[in-house]
Amino acid sequence: MLALPPRYAFRSSLATGGSACVDAVFDHARGEAVALKRPRPEAGEAARAALAREFWALTAFAHPHLVAAHDFLTLPDGTPAFTMAWLPTPFPAGPQPEAAIRGWLPGLLDALGALHRAGLVHGDLRAENLAFTADGACVLLDLGHLAPAGAWDGAGSLAGLTT
């Protein structure tokens, strides 16, 4: 099982990507469940650096349609990690009704616009990186591929998003 500082209690694994893992943990200091993102054990220094950049970008933007970052921490084994809001409602599978899209798309576009105005691209826009708040607002997750617009290498994805 994942070793955590005493402030946190492991709940479940949520996702594992190419360079990072996300777990649901209970944060005793906050009194709520949060998501904890950490590099995969076999990931190198580039993944650790990307994790730190993602945390600082999320704290710098503090946008209502970007996931809220909480704390940067070091796990007992020396692995860096950060906590963020846990949004348990994933993007629904399959086609979305036009009325639903019209409801959540402006917020998503506003979040992307904030990144673009700062000269950044998300780099991995896909359904798996979207979630919804309890009131139905769409929130953009996973800024792990965030890069300056001119430096983006196209390694991310636009998969699954169609017009």
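To keep things clear, this report deals only with the structure shown in the data block. Keep in mind it's a predicted model, so treat the numbers as computed, not measured.

**Some remarks on the sheet that holds strand S3 (residues 32–39)**
- Taking strand neighbours across the sheet as the criterion, the five strands line up as S1-S2-S3-S5-S4 in an open arrangement whose pairing is antiparallel. Single-partner strands in this sheet number two, and they are strand S1 (8–16) and strand S4 (69–74). Across the sheet, the mean angle separating the axes of adjacent strands is 30° when strand polarity is ignored.
- Sheet analysis places strand S2 (residues 20–27) next to S3, joined by eight bridges and oriented antiparallel. Bridge pairing in S3 places Val22 opposite Lys37.

**Quick notes on the sheet that holds strand S9 (residues 138–140)**
- The strand order across the open sheet built from three strands is S6-S8-S9, with neighbouring strands paired in antiparallel fashion. What marks the edges here is a single partner per strand, and that holds for strand S6 (89–90) and S9.
- The sheet contact formed by S6 and strand S8 (residues 130–132) spans two bridges and is antiparallel. Considered in S8, the bridge of Pro90 is made with Ala131.

**Here's the deal with the environment of Ala35**
- Looking at the secondary structure, you find Ala35 in strand S3.
- Looking at Ala35, the relative accessible area reads 4%, which means it is buried.
- Expressed as a C-alpha distance, the spacing of Ala35 and Ser12, which sit 23 residues apart in the sequence, is 9.7 Å.
- Sequence-distant contacts of Ala35, defined by excluding residues within four places in its chain, comprise Leu14, Val22, Asp23, Phe82, Thr83, Met84, Ala85 and Trp86.

**Remarks on the pattern of salt bridges**
- Per the stated rule, a full pass over the model turns up 11 salt bridges.
- Asp23 is the salt-bridge partner of Arg38, the closest N and O atoms lying 2.8 Å from each other. With a gap of 15 residues between them, Arg38 in strand S3 and Asp23 in strand S2 connect regions that are remote in the sequence.
- On the basis of relative accessibility, which here comes to 13%, the residue Arg38 falls in the buried class.
- The exposure class of Asp23 is buried, given its relative accessible area of 1%.
- Via salt bridges that share partners, Arg7, Asp27 and Asp71 belong to a single interconnected network.

**Examining the nonpolar core**
- Core analysis: the biggest nonpolar cluster contains 28 residues, and Leu58, Leu66, Leu108, Leu115, Leu130, Leu140 and Leu143 have the highest contact counts within it.
- Breaking this core down by element, the ones donating at least two residues are helix H1 (45–61), strand S5 (80–85), helix H2 (98–117), S8 and S9.
- Ignoring sequence-local partners within four residues, the contact set of Leu115 consists of Phe61, Leu66, Leu120, His122, Leu140, Leu143 and Leu146.
- Counting eight residues, the second largest nonpolar core, distinct from the first, contains Leu4, Tyr8, Leu73 and Ala81.

**A word on H1**
- Under the 1.5 Å per step criterion, the end-to-end length of H1 is 24 Å for 17 residues, consistent within 8% with the ideal 24 Å.
- Within the span of H1, buried status applies to Ala47, Ala50, Leu51, Glu54, Phe55, Ala57 and Leu58. Looking straight down H1, one finds that the buried residues subtend no more than 165° of arc, so they occupy a single side. The outward face of H1, more than 90 degrees from its buried face, is lined by the exposed residues Glu45, Arg53, Trp56 and Ala60.
- Next to the buried residues of H1 lie S3, S4 and S5.
- Immediately beyond the C-terminal end of H1, within one or two residues, lies Ala62, with a positive phi of roughly 40°.

What counts as what
- Residues numbered from 1 in each chain as written.
- Predicted model: local features only at pLDDT ≥ 70, side-chain atom pairs only at ≥ 80, totals over all residues.
- Heavy atoms only, no water.
- Pairing = 2+ DSSP bridges.
- Helix = DSSP H or I, 4+ residues; strand = E, 2+ residues; numbered from the N terminus.
- Axes fitted to C-alpha atoms, helices over the stretch in contact; angles between N-to-C directions.
- Buried < 20%, exposed > 50% of the residue type's maximum accessible area, 1.4 Å probe, protein only.
- Contact = heavy atoms within 4.5 Å.
- Salt bridge = Lys/Arg side-chain N within 4 Å of Asp/Glu carboxyl O.
- Core = buried A, V, L, I, M, F, W, Y, C linked by side-chain atoms within 4.5 Å.
- Expected span 1.5 Å × (residues − 1).
- Arc of directions from axis to C-beta.

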